[in-house]
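Architecture at a glance
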Amino acid sequence: MDRQQEFVLRTIEERDVRFVRLWFTDVLGTLKSVAVAPAELEGAFEEGLGFDGSAIEGFTRVTESDMLVRPDPSTFQVLPWRGSAPATARMFGDILLPDGSASYADPRYVLKRALAKAADMGFSFYTHPEIEFFLFKTPLRPGQVPEPLDQAGYFDHVPQGVGQDFRRLAITMLESVGISVEFSHHETAPGQNEIDLRYADALSTADNIMTFRTVIKEVALQQDCFASFMPKPLARSQGSGMHTHLSLFEGDRNAFYEAGAPYQLSKVARQFIAGLLRHGSEIVAVTNQWVNSYKRLWGGGEAPAHICWGHNNGSAMVRVPMYKPTKENSARIEVRTLDPSCNPYLAFAVLLSAGLKGIEAEYELPDEAEDDVWALTDGERAAVGIEPLPASLHEAIAAMERSDLVAETLGEHVFDVFLRNKRREWLDYRAQVTPFELERLLPIL
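Below: a short report on this structure.

Considering the pattern of salt bridges
Here the idea is simple: oppositely charged side chains can pair when their charged atoms come close. Summed over the entire model, instances satisfying the criterion amount to 15 salt bridges. Among the salt bridges present, the one from Arg 108 reaches Asp 94, with a minimum N-O distance of 2.7 Å. With Arg 108 in helix α3 (residues 107-120) and Asp 94 in strand β6 (residues 87-96), this residue pair connects regions lying 14 residues apart in the sequence. By relative accessible area, which is 3% here, Arg 108 ends up buried. Classification of Asp 94 by relative accessible area gives buried; the value is 16%.

Spelled out as structure tokens, the structure:
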């Protein structure tokens, strides 16, 4: 037994932990949980805990349903919202096949494979997400437009505002489970908030995002409101994104930094951006996986809908921030397409793979977009080579289906399951008769 496992078992005894939840996600990023008694944990570390994988979206078929989840002791945390005694803790788990090998269906393993490829090239991959979400009043009634918790705007300070009290409590809870927060503030739309997590390696960040979404939901229940990570819940308000800062390191050296280069961006950084742009349409079904995601991308409000990059250009798909241009470790890029409802393991895996492909194939970075891309006409965008992202989940699926890069990154099983699920979602969505159609057409047709 290694030291981390010993630490977990000792902490469980010292803190009177009676329940240990093992967390993992299905292919779509839905959090799954199974509780294990502390007495069974030592065996779970060694052999894993058996469960029926056929009941989990995308894991396996009924005829080969036996799977194992083995806890990762480095992710152990006591859950503050479950009370002090007896305590409940959680660990993320890795999904295994009965022979003990890693499961091809585990999103966490998909990201680990991508990170291993980066490591073979000498790189470590770091990410820093800015997570937006809405707070709504309860109860939520079917068929009614949800009511935002407040009418505040960007950076507004609301005296005795529920939002700032919510953020304070949420941040305290996040920090109690080892998640460091950098910034928090009210966002542009009524009821919309943003909390930014500190830089971490991509696997830790993906774990942290799953914990973050759970914490925000739990705090909302305590505050008698409802939190939503839906990309575009209100038609006339800005949507919620998860702008994510990315960087590669070679040991302790930031591989994206080159003193004196334009915007201090190294050749590696420029090729990485070129990879993101070249494969942007192929990966967007993963980074923006719901029919509603495209309401945000194509609904304005600074959401990126076109494949381009720019220095401090909020309308671009990839932005190069310049907060501390002389500080080596601050050199990074920001991908603005992601929304907070993605599966972070799969999203980070395809972003990394696209960037690494740019480095491997030495892609040339196109000219930057200096104008507000939304303000240009279609003809003006075409004249400078700026192409649109897919305008719907249907178009995104079609682009992903043709992508060797995404198929290789996700693996055949996850690739096929993901596409099958998204096709079904599009067909279900296409069959709906929307309030827009009823209001616009029923009276006149």
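Points about unusual backbone geometry
Put simply, Thr 138 and Pro 139 share a cis peptide bond, and its omega is 0°. When you line up the elements, Pro 139 lands in the loop between β7 (124-137) and α4 (162-176). Look at Asp 16: it is not a glycine, yet its phi comes out positive at around 55°. With respect to the secondary-structure elements, Asp 16 resides in the loop between α1 (3-14) and β1 (17-25). When its relative accessible area of 31% is taken as the criterion, Asp 16 is described as partly exposed. One non-glycine residue with positive phi stands out, namely Glu 362, at about 55°. Mapped onto the secondary structure, Glu 362 falls in the loop between α9 (344-360) and α10 (378-383). By relative accessible area, which is 52% here, Glu 362 ends up exposed.

Quick notes on the packing of aromatic side chains
If you walk through the whole model with that rule in mind, you get 12 aromatic pairs. Judged by centre distance (6.0 Å) and plane angle (85°), the rings of Trp 298 and Trp 374 are edge-to-face. With Trp 298 in the loop between α8 (293-297) and β14 (306-307) and Trp 374 in the loop between α9 and α10, this residue pair connects regions lying 76 residues apart in the sequence. Accessibility expressed as a relative area gives 30% for Trp 298, which makes it partly exposed. Take Trp 374: its relative accessible area is 29%, and that puts it in the partly exposed class. Members of the aromatic cluster, connected to one another through ring pairs, are Phe 133, Phe 166, Phe 212 and Phe 229. The positively charged end of Lys 422 is found above the aromatic ring belonging to Trp 290, 3.8 Å away from the centroid.

Calculation notes
Residues numbered from 1 in each chain as written. Predicted model: local features only at pLDDT ≥ 70, side-chain atom pairs only at ≥ 80, totals over all residues. Heavy atoms only, no water. Salt bridge = Lys/Arg side-chain N within 4 Å of Asp/Glu carboxyl O. Helix = DSSP H or I, 4+ residues; strand = E, 2+ residues; numbered from the N terminus. Buried < 20%, exposed > 50% of the residue type's maximum accessible area, 1.4 Å probe, protein only. Phe/Tyr/Trp six-rings, centres within 6.5 Å; stacked < 30°, edge-to-face > 60°. Lys NZ or Arg CZ within 6 Å of the ring centre and 35° of its normal.

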